[in-house]
Amino acid sequence: MTGGFETTAAGNRAEPPARERRMPSVVRVAAARAGIEVKCYFRNRQAVIFTFALPLVLLLIFGGIFSGDAPGTHTPMKQVLIAGIIASGIMSTTFSSLAVAIAIERDDGTLRRLAATPMSPVSYFLGKIAQAFVTGVLETVVLLTVGVTLFGLHLPNTGARWFTFAWVVVLGIVACSFLGIAYSRVAPNARAAAPVVQLPYLALQLISGVFFVFTQLPKPMQVVASCFPLKWMAQGLRSAFLSDSFQQAEPAGSWEHGRTALILGAWCVAGLLLSLVAFKWERAKKVR
Amino acid sequence: MPGPEIIGVSGLRKSYGAVPVLHGVDLHVGRGEIFALLGPNGAGKTTTQEILTGFSSRSAGSVSVLGQDPAGAGPEWRARLGIVPQDMGSFDELSVKEVVAHFASLYPDPFPVDTVIQRTGLGEKANERTGRLSGGQQRRLDIALGIVGRPELVFLDEPTTGLDPEARRVTWELIRELASDGTTVMLTTHYLDEVEALCERVAILLKGKVAALGAPGDIGGRAHGEAVIEFHADGPLRDAQLPALHNAGTPLAAGPDGQVRISTATPAAVLRVLLDWAVQVGSYDLPGLTVTRPTLEDVYLRMIASADAATPAPAPAPGLEYIA
């Protein structure tokens, strides 16, 4: 045989050589996945531009519509809006992006291909979440920059407020990423993925106090929104950016940090469990 | 079956709900063999492969692949397996080299990335985004991803569909090399020439059962079965009375276009009679003489036709036909 695969001069291998077969660790593979996911994401220019542009455009439009202070407060409505849109931007780059991307990968055979390798689904998860993390953080930075330069938003002025900002963003990204992985199961195929994802995303945006002061929404909407992470992400971000006097416009008359952390943390755990139930390598099979 | 057993299947059954798909399949494939699973769409090829690769459960029977039951096998088992499915998945944003290197990083003991890229004939495209590859190049990338993990057993699902003849030869050569390195190859295909060119043994799957199993040259009794003698009754042969064949009841006659076609289990004996007759009538030749054994395709189509009486047998070639 000439030019075969075995570069050693072993010739025919009647028995496989006793090779060291150490499986690459879950963490190492997850890092490789994260690298590939981020690379693929940013190489798709149009997708990147439009994903990042959407919250930015919303910010500019609603920032142009609303003027003056939020009703009953001394806080400019634009600043309330920015906090909400950052939360909504995180949901868009994590929940929506992941749910759509995984539905497409399931449909076009990518998942099946990966499932045929020794890779653990945990590594796949971690790679997806790492990619969502990178894009979520980047989106937040872009919106913050625009907020500070165009809308007079004040960055957090104390260490405690920066800390609040950090944990709200991290818990929000993790919870929404897991939920996106789980929710991808709801889309029967790639074509249905976008509309299937748009429904909860748009509905939650409207009822979670992103574009409107939360306490001015009808009570039933407030109750529903309080069951989901977006409301708490927006509230947590307001607590990091807005003056403490705005607390009077919050439902409990306070920032409710404890409850925010509890509910976002609970959604992280629930999201993990839901994605483990909903996502099975074996289901990667394309339905013919 | 040469060498130790790599795939062992006995009494494999599978039903989807009340619909049976496999009715007791038995297969045994040895190390280093190139084994083909052949069958029309819906015969159960894909289902069999899915069970063997651990993607589907079975209803009954025993299955051993690389010494383990695929139903409960873990990542260590997957690492020894290469699968080339029909759907590639999309890695459009990545270059050939990036994708192959990524897949290599998922395995404990992969082949060198450059070797795989060269051997699959993608050397010139190593830095090309995979989204810009032609269909045939995509297919070769599929194969590269299936073998980069240095598998002991490779499943190839229609590996050369969509390839041009040159690319098919390259792929065949690649598969032969893998096998000569001790890799066991199980492929499904619709191309019978591919089976004849590559495979040591083939199983023909019809309606969820193994209808025939053996070397491509032997299957359906090809080596000992009927041969077809054809020639054109031209010149002095045209007006001459064809000879009687000792075990043919009716005297032979050429068809209206002069083409004579004789099916016989004893082609040498029939040829002797025909050649003597040609000399007698003043011709020293039988123009356009061919003696052919039924091709694998003939055997295969006949099997499908008899398995499914609703499907008509292929029409015979024009010209008169005799059974000698």
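Residues numbered from 1 in each chain as written. Chains lettered and ligands numbered in written order. Predicted model: local features only at pLDDT ≥ 70, side-chain atom pairs only at ≥ 80, totals over all residues.

In the annotation of an unreviewed UniProt entry, chain B is listed under the name ABC transporter domain-containing protein and assigned to Streptomyces malaysiense. According to the UniProt record, the Subcellular location (unreviewed entry) comment for chain B reads "Cell membrane". (UniProt positions renumbered as here; feature names shortened; annotations may be inferred.)

In the annotation of an unreviewed UniProt entry, chain A is listed under the name Transport permease protein and assigned to Streptomyces malaysiense. Quoted verbatim from the Sequence similarities (unreviewed entry) heading of the UniProt record, the comment on chain A is "Belongs to the ABC-2 integral membrane protein family."

Next up on the list: the UniProt feature "transmembrane region" (unreviewed entry) in chain A. The positions that UniProt labels "transmembrane region" (unreviewed entry) are, in the present scheme, residues 47–68, 80–104, 125–153, 165–184, 196–214 and 261–279 of chain A. Helix and strand shares over residues 196–214 of chain A are 63% and 0% respectively, and the end C-alpha atoms of the span are 25 Å apart. (Helix = DSSP H or I, 4+ residues; strand = E, 2+ residues; numbered from the N terminus.)

With that out of the way, let us pick up helix 10 (residues 296–307) of chain B. All names here are of chain B. Look at helix 10: 16 Å from first C-alpha to last across 12 residues, which is about the 16 Å you get at 1.5 Å a residue. Among the residues of helix 10, those classed as buried are Leu 296, Val 299 and Tyr 300. Down the axis of helix 10, the buried set is contained in an arc of 95°. They therefore lie on one face. In this structure, the buried side of helix 10 is in contact with strand 3 (34–38), helix 7 (192–198) and strand 8 (201–206). (Expected span 1.5 Å × (residues − 1). Buried ≥ 20, exposed ≤ 12 C-beta atoms within 10 Å, placed from the backbone. Arc of directions from axis to C-beta. Contact = placed C-beta atoms within 7 Å.)

A few words now on the sheet that holds strand 6 (residues 153–157) of chain B. Residue and element names in this part refer to chain B. The mixed open sheet is built from 6 strands, whose spatial order is 5-6-7-3-8-9. Looking at strand neighbours, the two that pair on one side only are strand 5 (81–84) and strand 9 (209–214), the edges of this open sheet. With direction set aside, neighbouring strand axes in the sheet form an average angle of 15°. Pairing of strand 3 with strand 7 (residues 184–189), which is carried by 5 bridges, proceeds in the parallel orientation. (Pairing = 2+ DSSP bridges. Axes fitted to C-alpha atoms, helices over the stretch in contact; angles between N-to-C directions.)

What follows is about the packing of helix 1 (residues 26–43) of chain A against helix 5 (residues 121–150) of chain A. Each pair of packed helices can be described by the angle between their axes along with the distance between the axes. Residue and element names in this part refer to chain A. Between helix 1 and helix 5, whose axes approach to 7 Å, the crossing angle comes to 45°. For the element pair helix 1 / helix 5, the angle class is oblique. Two packed elements cross with a definite hand, and for helix 1 against helix 5 that hand is right-handed. The segment helix 1 lies against helix 5, with Val 26, Val 29, Ala 30, Arg 33, Ala 34, Glu 37, Val 38 and Tyr 41 engaging Val 122, Ser 123, Tyr 124, Leu 126, Gly 127, Lys 128, Ala 130, Gln 131, Val 134 and Thr 135. (Parallel < 35°, antiparallel > 145°, perpendicular 65-115°, else oblique. Left-handed = near helix turned anticlockwise from the far one by under 90°.)

Our focus in this paragraph is the nonpolar core. The biggest cluster of nonpolar side chains holds 141 residues, and the ones touching the most others in it are Ala 87, Ala 99 and Leu 237 of chain A together with Val 100, Ala 144 and Val 185 of chain B. Two domains each put at least three residues into this core: domain 1 (5–220) and domain 2 (221–323) of chain B. Ile 229, Leu 237, Val 260 and Leu 286 of chain B belong to the second-largest nonpolar core, a separate cluster that totals 12 residues. (Core = buried A, V, L, I, M, F, W, Y, C linked by C-beta atoms within 7 Å. Domains from an automatic or database assignment.)

Glancing now at the pairing of strand 6 of chain B. Residues and elements named next belong to chain B. Summarising burial for strand 6: 5 of the 5 residues are buried, a large majority. Side chains of strand 6 alternate between two faces, with Leu 153, Phe 155 and Asp 157 and Val 154 and Leu 156 buried alike. Bridge count between strand 5 and strand 6: 4 bridges; the pairing is parallel. Each bridged residue has a counterpart across the sheet, and for Leu 81 the counterpart in strand 6 is Leu 153. Sheet topology places strand 6 next to strand 7; 5 bridges connect them, and they run parallel. Note that in strand 7 the partner of Val 154 across the bridge is Val 185.

Let's shift gears to the confidence of the model for chain B. All names here are of chain B. For chain B, the mean per-residue pLDDT works out to 85, and 90% of the residues sit at or above 70. Summarising per-element confidence for chain B, the mean pLDDT is lowest in strand 13 (residues 320–323) (49) and highest in helix 3 (residues 96–104) (96). Segment residues 310–321 is flagged for pLDDT under 50; beyond a separation of four residues in sequence, or across chains, it makes 22 contacts in the model. Two numbers describe this predicted complex: its pTM, 0.82, and its ipTM, 0.85. (pLDDT = per-residue confidence, 0-100.)

Attention shifts here to the domain arrangement of chain B. Residues and elements named next belong to chain B. Each assigned domain of chain B is listed here: domain 1 (5–220) and domain 2 (221–323). Here domain 1 and domain 2 have C-alpha centroids that lie 40 Å from each other. Of the residues lining the interface, 15 residues belong to domain 1; the matching set on domain 2 comes to 11 residues. Top contributing element to the side of domain 1 that touches domain 2 by residue count: helix 7, with 3 residues. Residues belonging to the side of domain 1 that touches domain 2 are distributed by class as follows: 10 nonpolar, 2 polar and 3 charged. (Nonpolar A, V, L, I, M, F, W, Y, C, P; charged D, E, K, R; others polar.)

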